[in-house]
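Okay, here's what each chain looks like letter by letter:
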Amino acid sequence: MTILIISTCSEKLSEREFVTPISKIVGAANQKILHYTECTEQNIFEFEKILICGTSLQDNSYQKDIDKFKMILTNFEKPILGICSGMQILCTIFGDKIIKNLEIGMVDIETLEKNSLCKGNFQAYSIHNNSVGNLVHFTILAQSETSIQVIKHKTKNIFGVSFHPEVRNESIIENFLSI
Amino acid sequence: MKLAVLFSGGKDSYLALQYASVDHKISCLLTLESEKEDSWMFHTPAIEWTKLQAKAMKIDHLISKTSGVKEEELDDLGSIIESSISKYSIEGIVTGALASVYQSTRIQKICNDLGLWCFNPLWQMPQKQLLQELLSNKVESIITGIAAEPFDDTWLGRCIDSECVDDLMSLESRYRINPAGEGGEIESFVLNAPLFHKSVRIIESKKYYSNFSGRLEIKKALLI
């Protein structure tokens, strides 16, 4: 099984922080890392799963390329997990909206619905200026006091987490890889 | 991008600086000299000698004092970052944060409030890998602080070479220490590295040690 890890970082230096830790959890033997600008609808089809990584707080450049993500990902029928900016991208390509939402640090999260990624109450590390809201195409699986934290597309195996599971919640990535 | 590096003089902040310098202009180093030895945020041993390291790397250096009182030192950090914006028009900060959510969260908040990028190139790096990257990058550093069993005074001033890394790794399982010192078990000081034009030579130093805790005070050092 080969996993595609997609970077959304506009600065290469940020990949050490937002992509490398996820790559380590996935394991070097069965993965490929591509920046989203290197992805095409054709070259992502060979992969069994896709992880879309987050990026720095000041980095919003991915929001200008939503059409590109839509073109690449819309017909991919296998599981996808979007982390932070990755979650925002997934919501946007299906028609839901990005909203302003600042969270920096550990947040308390409550699981609302039984799911494959998380259970119970837990703490997670968040750094984002934006999140998603008023979801039409996704179900909320977990939330914090101030924002939506874990979502799943209503009909597809497409998941999003607003926090960074590579910090203190590696099991969420492992659970996604086991789907 | 013009960046400032939060620089303690130790191995982590140096390595972060080296990674950041690949694609970015390092406008200055920022150092806070804590008046408390057990600062929540800032590495302390040999901090006054960071000016010699900055000179060795030919990078401008801003240094200021901080009380070392929890949370108050964040105001001092904000002030020195603001000075670097005024003086160098920096667009981002680089830190050597590895795993501390406490440190990372606070620096991210300050950067966000000031509209700066925050880069943490060592973030979540396994400690064994960090030690190996120091060796593969030919970073010459010594141990200047210890604070855990079973460290005795022979560790103070010890060069972090491959033998030392092996010893640190072997202590991990026996004593549950973080081999790269992420929990404050060891503090380090870089003497020479790829970005150094000259190396730091310690001429005179003194060890202070008691009950698995100690520091190496550098009394005299020069560039060669």
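Just so it is clear, the structure is predicted and the values come from calculations on it, not from any experiment.

J.: Tell me what's going on with the overall build of chain A, and back it up with residues and numbers.
T.: Counting its secondary structure elements, chain A contains 5 helices and 9 strands. Along chain A, helices and strands appear, N-terminal first, in the series β-α-α-β-β-α-β-α-β-β-β-β-β-α. In terms of overall dimensions, chain A has C-alpha extents of about 40 × 35 × 30 Å along its principal axes. In chain A, which comprises 179 residues, the proportion classed as buried is 45%. Contacts in chain A between residues far apart in sequence, at least 24 positions, make up 71% of those at least 6 positions apart.

J.: With reference to specific residues and values, describe the pairing of strand β1 (residues 3-7) of chain A.
T.: Residues and elements named next belong to chain A. The element β1 is largely enclosed, with a buried count of 5 among its 5 residues. Burial of β1 is two-sided: the residues Ile3, Ile5 and Ser7 facing one way and the residues Leu4 and Ile6 facing the other way are all buried. Relative to strand β3 (residues 49-52), β1 is paired through 4 bridges, and the arrangement is parallel. Note that in β3 the partner of Ile6 across the bridge is Ile52.

J.: Could you give me a rundown of the interface of chain A and chain B, with the residues and numbers involved?
T.: Taken residue by residue, the interface counts 16 residues in chain A and 16 residues in chain B. Elements with a contribution of two residues or more to the side of chain A that touches chain B: α1 (12-18), β5 (97-111) and β6 (121-133) of chain A. Looking at which element gives the most residues to the side of chain A that touches chain B, the answer is α1 of chain A, with 5 residues. Residues of the side of chain A that touches chain B, tallied by class, amount to 8 nonpolar, 4 polar and 4 charged.

J.: Which residues make up the nonpolar core, and what values do they have?
T.: Generally speaking, a soluble globular protein has its nonpolar side chains buried in company with each other. One finds Val5, Ala20, Ile93 and Val94 of chain B to be the most contacted residues of the largest nonpolar core, which totals 63 residues. Take this core: its biggest share by element is 6 residues, from helix α1 (residues 11-20) of chain B. For Val94 of chain B, the residues in contact, after removing those within four places along its chain, are Leu3, Val5, Leu6, Ala16, Leu17, Ala20 and Phe119 of chain B. Within the second largest apolar cluster, 47 residues are counted, among which are Phe47, Ile80, Leu81 and Val161 of chain A.

J.: Pulling in residues and values, what's your account of helix α4 (residues 101-114) of chain B?
T.: The first and last C-alpha atoms of α4 of chain B sit 20 Å apart over 14 residues, in line with the 20 Å expected at 1.5 Å per residue. Within α4 of chain B the residues assigned to the buried category are Ser104, Arg106, Ile107, Gln108 and Cys111 of chain B. Those residues of α4 of chain B that are buried lie in contact with β5 and β6 of chain A together with α3 (72-88), β4 (92-94) and β5 (117-119) of chain B.

J.: I'd like to hear about the domain arrangement of chain B, residue by residue, with values.
T.: Residue and element names in this part refer to chain B. We note that the domain assignment places domain 1 (2-119) and domain 2 (127-223) within chain B. One C-alpha centre belongs to domain 1, the other to domain 2; they are set 20 Å apart. Taken together, the 20 residues of domain 1 in the interface contact 27 residues of domain 2. Where the side of domain 1 that touches domain 2 is concerned, the elements lending two or more residues are α1 and α2 (50-57). Tallied by class, the residues present in the side of domain 1 that touches domain 2 amount to 11 nonpolar, 6 polar and 3 charged.

J.: Quick rundown of the sheet that holds strand β6 (residues 140-147) of chain B? Include the residues and the values.
T.: Residue and element names in this part refer to chain B. One open sheet accounts for 4 strands, arranged β7-β6-β9-β8; its pairing is antiparallel. Two strands in the sheet have a free side with no partner beyond their single neighbour: β7 (186-192) and β8 (200-210). Going across the sheet, the axis of each strand differs from the next one's by a mean of 25 degrees, ignoring polarity.

J.: Describe the sheet that holds β3 of chain A, with residues and values.
T.: All names here are of chain A. Spatial ordering of the open sheet is given by β2-β1-β3-β4-β9-β8-β7-β5-β6, a layout of 9 strands whose pairing is mixed. Only two strands of the sheet have a single neighbouring strand rather than two, namely β2 (31-35) and β6. Each strand of the sheet is rotated relative to its neighbour by a mean of 20 degrees, with strand direction disregarded. Pairing analysis gives 5 bridges linking strand β7 (residues 138-143) to strand β8 (residues 148-153), with the strands arranged antiparallel. Within β8, the residue paired with Ile140 across the bridge is Ile151. Packed on one face of the sheet, helix α4 (residues 85-93) meets β3, β4 (80-83), β5, β6, β7, β8 and β9 (158-161) and runs near 120 degrees to β4.

J.: Describe the packing of helix α3 (residues 66-73) of chain A against α4 of chain A, listing the residues and the values that go with them.
T.: Residue and element names in this part refer to chain A. It is at 9 Å that the axes of α3 and α4 come closest, and there the two elements cross at 75 degrees. Classed by the angle they form, the pair α3 and α4 counts as roughly perpendicular. Facing Ile66, Phe69, Lys70 and Leu73 of α3, the residues of α4 in contact are Ile89, Thr92 and Ile93. The residue inventory of the contact of α3 with α4, partitioned by class, reads 5 nonpolar, 1 polar and 1 charged.

J.: Explain α4 of chain A to me, and be specific about the residues and the numbers.
T.: Residue and element names in this part refer to chain A. Counting buried positions along α4 yields 8 of 9 residues, so the element is predominantly enclosed. Every buried residue of α4 is accounted for by Ser85, Gly86, Met87, Gln88, Ile89, Leu90, Cys91 and Ile93. Downstream of α4 by a residue or two, Gly95 has a phi angle that is positive, lying close to 105 degrees.

J.: Which residues make up the environment of Ile110 of chain B, and what values go with them?
T.: All names here are of chain B. Here Ile110 is to be found in helix α4. Take Ile110: there are 18 C-beta atoms within 10 Å of it, and that puts it in the partly exposed class. When the C-alpha atoms of Ile110 and Leu74 are compared, they prove to be 8.2 Å apart, with 36 residues separating the residues in sequence. When sequence neighbours within four positions are dropped, the list of residues in contact with Ile110 reads Leu74, Leu77, Gly78 and Ile81.

Criteria and cut-off values
- Residues numbered from 1 in each chain as written.
- Chains lettered and ligands numbered in written order.
- Predicted model: local features only at pLDDT ≥ 70, side-chain atom pairs only at ≥ 80, totals over all residues.
- Helix = DSSP H or I, 4+ residues; strand = E, 2+ residues; numbered from the N terminus.
- Buried ≥ 20, exposed ≤ 12 C-beta atoms within 10 Å, placed from the backbone.
- Contact = placed C-beta atoms within 7 Å.
- Pairing = 2+ DSSP bridges.
- Nonpolar A, V, L, I, M, F, W, Y, C, P; charged D, E, K, R; others polar.
- Core = buried A, V, L, I, M, F, W, Y, C linked by C-beta atoms within 7 Å.
- Expected span 1.5 Å × (residues − 1).
- Domains from an automatic or database assignment.
- Axes fitted to C-alpha atoms, helices over the stretch in contact; angles between N-to-C directions.
- Parallel < 35°, antiparallel > 145°, perpendicular 65-115°, else oblique.

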